[in-house]
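Close look at the chain arrangement
Here is how the chains run, residue by residue.
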Amino acid sequence: MKTFRSVLTLSFWLLVAVGLTVATPAMAFDPVEYTVCLKAHNGKFVFNAKDKKSVFATSSQCNELETITLIDLTGNQLFTNDTVAIKTHWGRYWSAQKNGKLEANRTYNKEWETFRIRQIGKWDNWLGGDNIDFNKPIALHNNTHARYVAVELGSGMKSVAPLVANRGDWKEWETFNIELPQFLKDLNAAPKYKYCLMTNNGTNFITSSDDKKTVDAKGTKCEAGGVHTVFDLNGGFLMHGDKVVVKTNWGRYWTAHKDGNLTGHVDYVREWEKFTIQKAGLDKKTKPVNAVDKRRLFSISFGDHIGFLGHHGKWVQAVDRGGKAMNVTGKELLPWETFTAFNPACAPSCDDQLAACMKQVMLNMAWNSRPQQYFLEGKFACEAARNTCKKVCRQ
């Protein structure tokens, strides 16, 4: 492999030497986040202490405080030797210190807060390396201080097992296994439904702001920021009375706070992130006569009017029926608390989608060697897509 890379490097410089232009496409990817837990070689999970600074490998479970966000700053797929940052449940970053300590209290990520993720038997991602296998141990190397993260078990530290960043090489105690938190396993097993949620004024949609926290009802279109994924924790068809989790377009989850605030910024699920979805117009007196009737009455689909009851017994609410803020203070499922489940595939409208498709055909036709045939084939494909859209969206 080293010989192959050396030949490629030599070939590159030979081309430059003779004056040929080598076109290298710019490859820039957005960071990718993974919500995971790390299990150390002692069989314990890494635990982010409440002092928002210390990190230990003493936990026997993979829950909220053990959850970290592994941020692949290189983007695209997670390859060995990619640069990563690690953010704790408290929203702070791991930081490798000069003295070999590991602290988890930084509010930013610079050189000391970034690591190279490595895996035994994998070569680095120069010219495209091997992707990280989550089923095998990984190591974390801070390039600034040239040290690996490890669990310290010597000198009476076994019961505390703090994490340090002072090892010059990696062996068993410098490796960690990546595991998914239980809530992610539950969500992966749950049916998923994508909706835009239109407020009762018939104009606005619930959206998630660019701060990746604020949830409001100021959207005017069913577009990226307004697309939500609803996870049905009961499984099967989405039904009136099911427990659900709502994920924003940013990959964060709705939270119903005790004070009535609704936010969409956490990357874990506990009780406050769970809601009961209900269909407007149904109450405790609604009694289906059989299973078919129950499915007809209680199933939730596009176009239905629904509400979300939070953990504290209050309803998600759009102030003034939309166009303003959102909260979780509703006492009943009334117009302010009612939303229409809108199909994201239906926005823009089917006719607008056809127009956009044909515009692209016209642009591409100029570059095609057989423009007339290309136009006819493109028109046929666009119209077929429009017809499918009309069936799905009932437009």
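1. Looking at the state of the cysteines
One pass over the structure, following the stated rule, counts three disulfides. Note that C37 is cross-linked by a disulfide to C62, the S-S spacing being 2.1 Å. Where C37 bonds to C62 through sulfur, the torsion about that S-S bond is close to 90°, and the disulfide is right-handed. You can see C37 sitting in strand 1 (residues 32-40) and its partner C62 sitting in the loop between strand 3 (55-59) and strand 4 (68-72), a full 25 residues away along the chain. A relative accessible area of 0% places C37 in the buried class. Among the residues examined, C62 registers a relative accessible area of 12% and is labelled buried. Across the disulfide from C357 sits C382; the S-S distance is 1.9 Å. Between C357 and C382 the sulfur-sulfur dihedral comes to about -75°; the bridge is accordingly left-handed. In this pair, C357 is assigned in helix 4 (residues 350-365) and C382 in helix 5 (residues 371-393), connecting sequence segments 25 residues apart. On the basis of relative accessibility, which here comes to 30%, the residue C357 falls in the partly exposed class.

2. Digging into the environment of L238
You can see L238 is positioned in the loop between strand 16 (227-232) and strand 17 (243-247). Here the alpha-carbon distance between L238 and K192, two residues 46 residues apart in the chain, equals 9.0 Å. Residue contacts for L238: discarding those within four places in its chain leaves Y193, Y195, D232, V244, I277, F298, S299 and I300.

3. A look at the pairing of strand 12 (residues 176-179)
Burial along strand 12 is one-sided: the residues F176 and I178 are buried and none of N177 and E179 is. Relative to strand 12, strand 1 runs antiparallel, the two sharing four bridges. Each residue of the ladder has a partner; that of L38, found in strand 12, is I178.

4. Brief notes about the confidence of the model for the protein
Mean pLDDT over the protein works out to 85, with 88% of the residues at or above the 70 mark. The least confident element of the protein, judged by mean pLDDT, is helix 1 (residues 2-17) at 40; the most confident is strand 17 at 97. Residue range residues 1-26 is modelled with pLDDT below 50. Its contacts to residues more than four positions away, or to other chains, number nine contacts.

5. Here we look at the pattern of salt bridges
Per the stated rule, a full pass over the model turns up twelve salt bridges. Measuring nitrogen to oxygen at the nearest pair gives 3.8 Å for the salt bridge that ties E113 to R106. No difference in accessibility class separates E113 from R106, as the two residues are buried. Here K279 ties to D304 by a salt bridge, and the two come within 3.7 Å at their closest N and O atoms.

6. A short note on unusual backbone geometry
For A146, which is not glycine, the phi dihedral falls at a positive 55°. Examined against the element boundaries, A146 turns out to sit in the loop between strand 9 (139-142) and strand 10 (147-151). For A146, a relative accessible area of 35% corresponds to the partly exposed category. Backbone geometry places D320, a non-glycine residue, at a positive phi of 55°. Along the polypeptide, D320 turns up in the loop between strand 22 (315-318) and strand 23 (326-330). Looking at D320, the relative accessible area reads 36%, which means it is partly exposed.

7. Brief notes about the environment of V230
In this fold, V230 is placed in strand 16. Sequence-wise, V230 and V245 are 15 residues apart; in three dimensions their C-alpha atoms are separated by 5.8 Å. Apart from residues no more than four positions distant in its own chain, V230 is found in contact with P191, K192, Y193, Y195, V244, V245 and V246.

Rules and cut-offs
Residues numbered from 1 in each chain as written. Predicted model: local features only at pLDDT ≥ 70, side-chain atom pairs only at ≥ 80, totals over all residues. Heavy atoms only, no water. Disulfide = S-S within 2.5 Å. Helix = DSSP H or I, 4+ residues; strand = E, 2+ residues; numbered from the N terminus. Buried < 20%, exposed > 50% of the residue type's maximum accessible area, 1.4 Å probe, protein only. Contact = heavy atoms within 4.5 Å. Pairing = 2+ DSSP bridges. pLDDT = per-residue confidence, 0-100. Salt bridge = Lys/Arg side-chain N within 4 Å of Asp/Glu carboxyl O.

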